[in-house]
Amino acid sequence: MSASVEFVVAIPARYAASRLPGKPLRLLGGEPLVLRVAQRALLAGAREVWVATDDQRIADALQGLAEVRVAMTSTEHASGTDRLAECAAQAGWSDDTLVVNLQGDEPFAPAEGIRAVAEALVYSGAEMSTLATPVEDADTLFDPNVVKVVRKQNLDALYFSRAPIPWHRDAFARSRDTLSGPHWLRHIGIYGYRAGFLRQFAALPPGALEQVESLEQLRVLEAGHRISVALTPAEFPPGIDTPDDLARAEAWWAAHP
């Protein structure tokens, strides 16, 4: 990374996750999930690492990491973006501060990937940046819990969807069991933006497409802003949303200590 690309990492960590209650405090390799994510952020070389939470138990779980700062935020926030906007205010970040939003369920986020999303924001000139990786199997492509993204020629996001986009008319007419060609990308839920745009994003009203797909990033596209999508430079395993995901993460952790 260029020495000029300086960034902070902010991790939203809400206690009452709908599909996995208490998710930030679930154990992975014997340690709370939120602690594992914060450790990954520290490895990436961020100027500051913050966890924005709504529960004192999550703050307590981070006491062993003196380098990590905690923002106690409202329990009323509807999204992680809203929570990070409050975190930015508490941290006193200027509008130009480059913020990487690392989701609190990404304990395997590679340091190279965290830095890559910061670089993509700087070098693209877009208001927002994110990452993607090729889809390698049909089960992943057709899973509505896996978000797909298609890009423009300039590598900006054209659309995000839970549907298998683009729809390969001829190939899928023959079979939906195998994939042919490098057409599909899995979206990785990590974002980069300046603190000023983070505040602007949080103030935007929810968009119609966002509400249909339940994908907050569509609000940015609907409002006419750019999201640059870079390919992750290192393996970025899916995040943890369900008990099955947590079981798979435990197995992955055992294989990659």
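Going by the structure above, here's the rest.
Here the structure is a predicted model, which means the values were calculated and not measured.

In this section: the pairing of strand β8 (residues 148-151). Relative to strand β9 (residues 157-161), β8 is paired through 4 bridges, and the arrangement is antiparallel. Within β9, the position partnered with V149 by the bridge is F160. The hairpin formed by β8 and β9 contains 5 residues between the paired strands, and L155 there has a positive phi angle of roughly 75°.

A few words now on the side chain of R36. Within the element layout of this structure, R36 appears in helix α1 (residues 33-43). Among buried Asp, Glu, Lys and Arg side chains, R36 stands out as unpaired, with E31 the closest opposite charge at 5.2 Å. One polar contact links the side chain of R36 to the main-chain carbonyl oxygen of G29, over a distance of 2.7 Å. Residues within four places of R36 in sequence aside, it is in contact with L28, G29, G30, E31, P107 and W253.

The next thing to look at is the environment of V5. Along the chain, V5 falls in the segment before β1 (8-13). Sequence separation between V5 and A46 is 41 residues; the distance between their C-alpha atoms is 9.8 Å.

The next subject is the packing of aromatic side chains. According to the stated counting rule, one finds 9 aromatic pairs in the structure shown. Taking 6.5 Å as the distance between ring centres and 70° as the angle between the ring planes, the aromatic pair formed by Y193 and F201 counts as edge-to-face. Note on accessibility: Y193 and F201 belong to one class, buried. Among the aromatic residues, those joined into a ring-pair cluster are F142, W167, F172 and W184. One cation-aromatic arrangement involves R57 over Y15; the distance from NZ or CZ to the ring centre is 4.0 Å.

Basis of the calculations
Residues numbered from 1 in each chain as written. Predicted model: local features only at pLDDT ≥ 70, side-chain atom pairs only at ≥ 80, totals over all residues. Heavy atoms only, no water. Pairing = 2+ DSSP bridges. Helix = DSSP H or I, 4+ residues; strand = E, 2+ residues; numbered from the N terminus. Buried < 20%, exposed > 50% of the residue type's maximum accessible area, 1.4 Å probe, protein only. Lys, Arg positive; Asp, Glu negative; His and termini not counted. Salt bridge = Lys/Arg side-chain N within 4 Å of Asp/Glu carboxyl O. Polar contact = N/O pair within 3.5 Å; in protein donor to acceptor, adjacent residues only side chain to side chain. Contact = heavy atoms within 4.5 Å. Phe/Tyr/Trp six-rings, centres within 6.5 Å; stacked < 30°, edge-to-face > 60°. Lys NZ or Arg CZ within 6 Å of the ring centre and 35° of its normal.

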